[in-house]
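So you can see what is in the structure, the chains are spelled out below.
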Amino acid sequence: AQSVTQLDSHVSVSEGTPVLLRCNYSSSYSPSLFWYVQHPNKGLQLLLKYTSAATLVKGINGFEAEFKKSETSFHLTKPSAHMSDAAEYFCVVSDSGGGKLIFGQGTELSVKP
Amino acid sequence: DTAVSQTPKYLVTQMGNDKSIKCEQNLGHDTMYWYKQDSKKFLKIMFSYNNKELIINETVPNRFSPKSPDKAHLNLHINSLELGDSAVYFCASSQVRTGGVTEAFFGQGTRLTVV
């Protein structure tokens, strides 16, 4: 069965410094992986997706993620944090049947001025 | 022009009542979902419909009944509401393809509070 584990429940960075949100996945086949962001009291917005075309995936708002099969990881990074990046981030894997999405536990990103 | 819209955004009701949440998507997707987000922000799928047919039903109490009148709509009816049903419910849609799935588009959520 597919699963994802987000290694940090909370990450705090200063504005202008790099962001790293860690995610490991478990899948018996080549997975489809996503990162979603949820701002307070808002819905979920897709940041980026991996579907085996390229291991380095670029998303919106300067975020990117690298798929590393040998490490079963899909970490999310951004070179320079902005105050507006403060939100909850979810690493997600797609199940093979019916398009079901399996969510990680979420990582809350705080950005200090 | 909202892609996935759900109503109402907030719902406060007493225990034992019956309530419905509506969802509509204008993306032309063939698959729609209901997800539940608990107080710890954990998201888990409840139901999935593909072209009006139920394809995923994840150990959800019988008090929850989804209904899909057409592939653009998926409603959620909840009978005999309990305190533990308080959560944020998200509707989503996607296009399921052979060999993979597109990303899901989510509505803004319905915050249900049972008192």
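A brief report on the enclosed structure follows. Quick caveat, the model's predicted, so the values are computed rather than measured.

1. Here's the deal with the sheet that holds strand β1 (residues 4–7) of chain B
All names here are of chain B. The antiparallel open sheet is built from four strands, whose spatial order is β1-β3-β8-β7. Strands with a single pairing partner mark the edges of an open sheet, and in this sheet they are β1 and β7 (64–70). Each strand of the sheet is rotated relative to its neighbour by a mean of 15 degrees, with strand direction disregarded. Pairing between β7 and strand β8 (residues 73–78): five bridges, direction antiparallel. Each residue of the ladder has a partner; that of Asp70, found in β8, is His73.

2. Some words on the nonpolar core
In terms of nonpolar packing, the biggest core is built from 27 residues, with Trp35, Phe74, Leu76 and Tyr89 of chain A touching the most fellow members. Broken down by element, this core gets its largest block of residues, four residues, from strand β10 (residues 87–94) of chain A. Once residues lying within four places of it in the same chain are set aside, the contact partners of Tyr89 of chain A are Gln6, Leu21, Trp35, Tyr36, Val37, Leu47, Phe63, Leu76, Gly106, Thr107 and Leu109 of chain A. By size, the runner-up hydrophobic cluster in this structure holds 20 residues, among which are Ile21, Cys23, Ala87 and Tyr89 of chain B.

3. Some thoughts on the side chain of Glu88 of chain A
Take Glu88 of chain A: it is sitting in strand β10. With sequence-adjacent residues up to four places away left out, Glu88 of chain A is seen in contact with Tyr36, Val37, Gln38, Gln105, Gly106, Thr107 and Glu108 of chain A together with Lys41 of chain B.

4. Section: the pairing of β8 of chain B
Regular strands have side chains that alternate between both faces of the sheet. Residues and elements named next belong to chain B. Where strand β3 (residues 19–25) meets β8, four bridges bridge the pair, whose relative direction is antiparallel. Each residue of the ladder has a partner; that of Ser20, found in β8, is His77. Turn length for the β7-β8 hairpin, with the two strands adjacent in sequence and antiparallel, is two residues.

5. So, the interface of chain A and chain B
Interface size is commonly expressed as the accessible surface area that is lost when the partners come together. Opposite the 20 residues of chain A that make contact, chain B presents 22 residues. Each partner contributes to the roughly 1700 Å² buried at the junction of chain A and chain B, and carbon and sulfur atoms together form 57% of this total. Joining chain A to chain B, the criterion identifies three salt bridges. A salt bridge links Glu58 of chain B to Lys100 of chain A; the shortest N-O distance between them is 3.1 Å. At the boundary of chain A and chain B, one finds six residue pairs in polar contact (both at pLDDT 80 or more). Of all the elements in the fold, those that place two or more residues in the side of chain A that touches chain B are β5 (33–38), β6 (44–50), β10 and β11 (101–103) of chain A. Residue classes in the side of chain A that touches chain B are distributed as seven nonpolar, nine polar and four charged.

6. So, the environment of Cys91 of chain A
All names here are of chain A. The topology assignment puts Cys91 in strand β10. Considered as a pair, Cys91 and Gly106 are 15 residues apart in the sequence and their alpha carbons are 7.0 Å apart. Excluding its chain neighbours within four sequence positions, the residues that come into contact with Cys91 are Val4, Gln6, Cys23, Phe34, Trp35, Phe74, Ile102, Phe103 and Gly104.

7. What to know about the state of the cysteines
Residues and elements named next belong to chain A. Enumeration according to the criterion identifies two disulfides over all chains in this entry. What pairs with Cys23 in a disulfide is Cys91, and their sulfur atoms sit 2.0 Å apart. Classification of the bridge connecting Cys23 and Cys91 rests on its S-S torsion, roughly -70 degrees, and on that basis the disulfide is left-handed. Here Cys23 is found in strand β4 (residues 23–26), whereas its partner Cys91 is found in strand β10, with 68 residues between them in sequence.

Parameters at a glance
Residues numbered from 1 in each chain as written. Chains lettered and ligands numbered in written order. Predicted model: local features only at pLDDT ≥ 70, side-chain atom pairs only at ≥ 80, totals over all residues. Heavy atoms only, no water. Pairing = 2+ DSSP bridges. Helix = DSSP H or I, 4+ residues; strand = E, 2+ residues; numbered from the N terminus. Axes fitted to C-alpha atoms, helices over the stretch in contact; angles between N-to-C directions. Core = buried A, V, L, I, M, F, W, Y, C linked by side-chain atoms within 4.5 Å. Buried < 20%, exposed > 50% of the residue type's maximum accessible area, 1.4 Å probe, protein only. Contact = heavy atoms within 4.5 Å. Buried area = accessible area lost by both parts, 1.4 Å probe. Salt bridge = Lys/Arg side-chain N within 4 Å of Asp/Glu carboxyl O. Polar contact = N/O pair within 3.5 Å; in protein donor to acceptor, adjacent residues only side chain to side chain. Nonpolar A, V, L, I, M, F, W, Y, C, P; charged D, E, K, R; others polar. Disulfide = S-S within 2.5 Å.

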